[in-house]
Amino acid sequence: MSFSRKLLLGSLLAVSANSAFAVDTAELRVIGTIAPTACTPNFAGGGVIDYGVIPTASLSPTVATPLQVRTMSYTITCDAPIAIGTSWQDSRVSSAVGGGPTGFGLGLQGTASIGRYTLAQRPGSGATGDGAPVDLISRNGTAPWIAVVAGGQNNAGAVVQAYAAPGTLIPAAYSIYTGTFEVAPSISPTSTLDMSNSITLDGLATMTVRYL
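Structure report, in brief. All of these numbers come straight from a predicted model, not from anything done at the bench.

Here's the deal with the pattern of salt bridges
In the structure shown here, the tally under the stated rule is 2 salt bridges. The salt bridge involving R92 is made with D202; its shortest N-O contact spans 2.9 Å. Here the residue R92 occupies a position in the loop between β3 (70-90) and β4 (104-105), and D202 occupies one in the loop between β14 (173-187) and β15 (205-211), the gap between them amounting to 110 residues. With a closest N to O distance of 2.7 Å, R122 and E182 form a salt bridge. With R122 in the loop between β7 (115-121) and β8 (128-129) and E182 in strand β14, this pair connects stretches of sequence that are 60 residues apart. Residue class for E182 comes out partly exposed when judged on its relative accessible area of 23%.

The structure is reproduced here in structure tokens:
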């Protein structure tokens, strides 16, 4: 019997021996997705948008200061044609100014929010499926698919964005997806921050490929 099996057996016996004295429980979840193919997303430049040094004098003490909008291109490569969508998870959600699914956080200075940013992919931004133009569609949760409007769709919260043949609202299957999204940050009023020290923007979001 291997060491790992002995350790597991000992753990089970310990639980059995104490079951008469305690009812505390712990849950183990085994999750995953079985899909006919697998897709890998990649961002240009390693997925880093660097605003460098931002002069304090360029920021407002009373209102949020928007920074220059930047773009990031991406490629999603699949083993075979499959309909997919993308969603985003904010790893700094507690720092998003205003809270809720309105944007992504830029981190905290102590307990103060440094700022927020939005992620949006706009129609006409060059999204393709296998090299051909596609329409961007989205849905929130289980709502019906709708066309992404000219202003773009903020990709926070439960929003899933997918790719459809032009003129349709049905996710289509492709092997290679490309696109560009915009990142639009704003910095909190400096009166809410300690400007005697340097402040590092710390936004972090994860793109997840959803198999449709």
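Remarks on the pairing of strand β10 (residues 135-140)
Note that β10 and strand β13 (residues 159-164) share 6 bridges and pair antiparallel. Across the sheet, the residue bridging to R139 is V160, located in β13. With 2 bridges connecting them, β10 and strand β11 (residues 146-147) associate as antiparallel partners. Following the sheet pairing, I137 is matched in β11 by A147.

Looking at the side chain of Q121
You can see Q121 is positioned in strand β7. Residue classification places Q121 among the buried positions, given a relative accessible area of 3%. A distance of 2.8 Å separates the side chain of Q121 from the side chain of Y74, its partner in a polar contact.

A look at the packing of aromatic side chains
All chains considered together, the criterion is met by 7 aromatic pairs. Measuring from centroid to centroid gives 5.6 Å for Y174 and Y177, while their planes differ by 90 degrees, and the two rings are edge-to-face. Of the two residues, Y174 and Y177, both sit in the buried class. An aromatic cluster of three or more residues is present, and its members are F43, Y74, W88 and F181. The lysine or arginine in question, R70, covers the ring of Y51, its NZ or CZ lying 4.3 Å from the ring centre.

Here we look at the pairing of β13
Burial analysis of β13 places 6 of its 6 residues in the buried class, the great majority of the element. Residue alternation in β13 divides its side chains into two sets, V159, Q161 and Y163 and V160, A162 and A164, and both sets are buried. In terms of strand pairing, β3 meets β13 through 2 bridges, oriented antiparallel. What sits directly across from T86, in β13, is Q161.

Rules of the game
- Residues numbered from 1 in each chain as written.
- Predicted model: local features only at pLDDT ≥ 70, side-chain atom pairs only at ≥ 80, totals over all residues.
- Heavy atoms only, no water.
- Salt bridge = Lys/Arg side-chain N within 4 Å of Asp/Glu carboxyl O.
- Helix = DSSP H or I, 4+ residues; strand = E, 2+ residues; numbered from the N terminus.
- Buried < 20%, exposed > 50% of the residue type's maximum accessible area, 1.4 Å probe, protein only.
- Pairing = 2+ DSSP bridges.
- Polar contact = N/O pair within 3.5 Å; in protein donor to acceptor, adjacent residues only side chain to side chain.
- Phe/Tyr/Trp six-rings, centres within 6.5 Å; stacked < 30°, edge-to-face > 60°.
- Lys NZ or Arg CZ within 6 Å of the ring centre and 35° of its normal.

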